[in-house]
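A closer look at the structure
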Amino acid sequence: MTAPIERTLLVLRHAKSDWSGGEADIDRTLNPRGHRQARDVGSWLAGQSSSIDIAIVSPATRARATWALVSAELGDGPEARVDERAYAASVADLLAIVRELPDELRTVILVAHNPGLEDLVALLSGESITLPTSALAVLRLAGSWAEAAPSTASLRTSGRPPAALLD
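Residues numbered from 1 in each chain as written. Predicted model: local features only at pLDDT ≥ 70, side-chain atom pairs only at ≥ 80, totals over all residues. Heavy atoms only, no water.

To continue, consider the sheet that holds strand β4 (residues 107-112). Here six strands make up an open sheet; going across it, the order is β3-β2-β4-β1-β5-β6 and the pairing mixed. Because the sheet does not close on itself, it has two edges, and the strands there are β3 (79-82) and β6 (153-159). Strand-to-strand twist of the sheet, defined as the mean angle between neighbouring strand axes without regard to direction, takes the value 20°. Two elements, strand β2 (residues 54-57) and β4, share four bridges in a ladder whose sense is parallel. Along β4, the bridge assignment pairs I54 with V108. Packed on one face of the sheet, helix α1 (residues 32-46) meets β1 (6-13), β4 and β5 (136-142) and runs near 40° to β5. (Pairing = 2+ DSSP bridges. Helix = DSSP H or I, 4+ residues; strand = E, 2+ residues; numbered from the N terminus. Axes fitted to C-alpha atoms, helices over the stretch in contact; angles between N-to-C directions. Contact = heavy atoms within 4.5 Å.)

Moving on: the packing of aromatic side chains. Aromatic ring pairs are defined here through the distance separating the ring centres and the angle between the ring planes. Evaluated as defined, the whole model comprises zero aromatic pairs. Just above the ring of W19 sits the side chain of R28; from NZ or CZ to the centre is 3.6 Å. (Phe/Tyr/Trp six-rings, centres within 6.5 Å; stacked < 30°, edge-to-face > 60°. Lys NZ or Arg CZ within 6 Å of the ring centre and 35° of its normal.)

What follows is about the packing of α1 against helix α2 (residues 61-72). With their axes 7 Å apart at the nearest point, α1 and α2 run at an angle of 45° to one another. Between α1 and α2, the angle falls in the class oblique. Remark: the crossing between α1 and α2 carries right-handed chirality. Residues H35, A38, R39, V41, G42 and L45 of α1 lie in contact with α2, whose contacting residues are T66, L69 and V70. Residue composition of the contact of α1 with α2, grouped by class: five nonpolar, three polar and one charged. (Parallel < 35°, antiparallel > 145°, perpendicular 65-115°, else oblique. Left-handed = near helix turned anticlockwise from the far one by under 90°. Nonpolar A, V, L, I, M, F, W, Y, C, P; charged D, E, K, R; others polar.)

This is the structure in structure tokens:
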């Protein structure tokens, strides 16, 4: 019997946004600290051994800007797919996104918002964490994406790169 294929889900909360304007929540941009944070995440990810197959990104301006800055640090960054369901998503919405991922994908990054992301990590790993802006959680799942369910993942690390994450 062969061991199930291990998959990696990177859960990334968008970088710090700018609250100074009067724009709608979905249209808020990143502030200068958010730009630095996103580049730090990208640098940390670039130093990891595995490549990312696809990015699933919320349609919010701050999430798309976060991913643009992160992926710029990765050189040939992976394809990004904006998923409308990832904005203001519940844990059920985010779990549905994960379960629909094609099995040929081994490593996926999900760029979205709280509280949904923290709830997703807690559901999949059974561990409660805090994801401030630009924080990342690395989850390992055995089996197919469709099998993602409560307590089917292990939390490998979480925090705001680079210092808060362990290799």
